[in-house]
Amino acid sequence: MSFLRRFVADEAGATAIEYGLIAALVSVAIIGILGTLGDNLITTFTTIATELGGAG
């Protein structure tokens, strides 16, 4: 029974799990932001290329 009490009270692994969850959340946010930024850059460069193509 004392083993079970020590196991429940031990929080050593909880910190590692929390850091892992935070890292996963930050990664998902960065991937989402870069995906949106990439789409915007493609649109911008396509517009510039179209305008330069019409200038000649």
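Just above, that's the structure.
Quick summary incoming for the structure in this document. Owing to the predicted nature of the structure, the values given are computational and were not obtained by experimental measurement. (Residues numbered from 1 in each chain as written. Predicted model: local features only at pLDDT ≥ 70, side-chain atom pairs only at ≥ 80, totals over all residues. Heavy atoms only, no water.)

1. Observations concerning the overall build of the protein chain
Under the convention used in this document: Helix and strand labels come from DSSP, where a helix needs a run of H or I of at least four residues and a strand needs a run of E of at least two; each type is numbered from the N terminus. The globule rule used for comparison is 2.2 Å times the number of residues to the exponent 0.38, while the radius of gyration itself is calculated over C-alpha atoms. Think of it in three bands: with a 1.4 Å probe and only protein chains considered, a residue is buried below 20% of the maximum accessible area for its type, exposed above 50%, and partly exposed in between. The Shrake-Rupley method, run with a 1.4 Å probe sphere, supplies the accessible areas, and residue values consider only the shown protein chains as cover.
Each helix and strand in the protein chain was counted, giving 2 helices and 0 strands. For a compact globule of 56 residues, the expected C-alpha radius of gyration is about 10 Å, and the protein chain comes in at 25 Å, more than 25% above that figure. By its C-alpha atoms, the protein chain is 85 × 10 × 5 Å across when sized along the principal axes. Relative to its full complement of 56 residues, the protein chain shows a buried share of 0%. Total accessible area computed for the protein chain in this model is approximately 5100 Å², and 72% of it derives from carbon and sulfur atoms.

2. What about a nonpolar patch on the surface?
Here is the rule: Patches here: salt-bridge-free residues with over 30% relative accessible area, like charges joined within 9 Å, nonpolar side chains (Val, Leu, Ile, Met, Phe, Trp, Tyr) joined within 5 Å. One speaks of a salt bridge when a side-chain nitrogen belonging to Lys or Arg is within 4 Å of a carboxyl oxygen belonging to Asp or Glu.
A cluster of nonpolar residues, Tyr-19, Ile-22, Val-26, Ile-30, Leu-34, Leu-37, Leu-41, Phe-45, Ile-48 and Leu-52, forms a patch on the protein surface that exposes about 1000 Å² of accessible area. Here Ile-30 lies in helix α2 (residues 12-55).

3. Remarks on the environment of Glu-11
Locating Glu-11 in the fold gives a position in the loop between α1 (2-9) and α2. Taking the relative accessible area as the measure of exposure, Glu-11 reaches 60% and is therefore exposed. Taking the C-alpha atoms as reference, Glu-11 lies 47 Å from Ile-42; in sequence the two are 31 residues apart.

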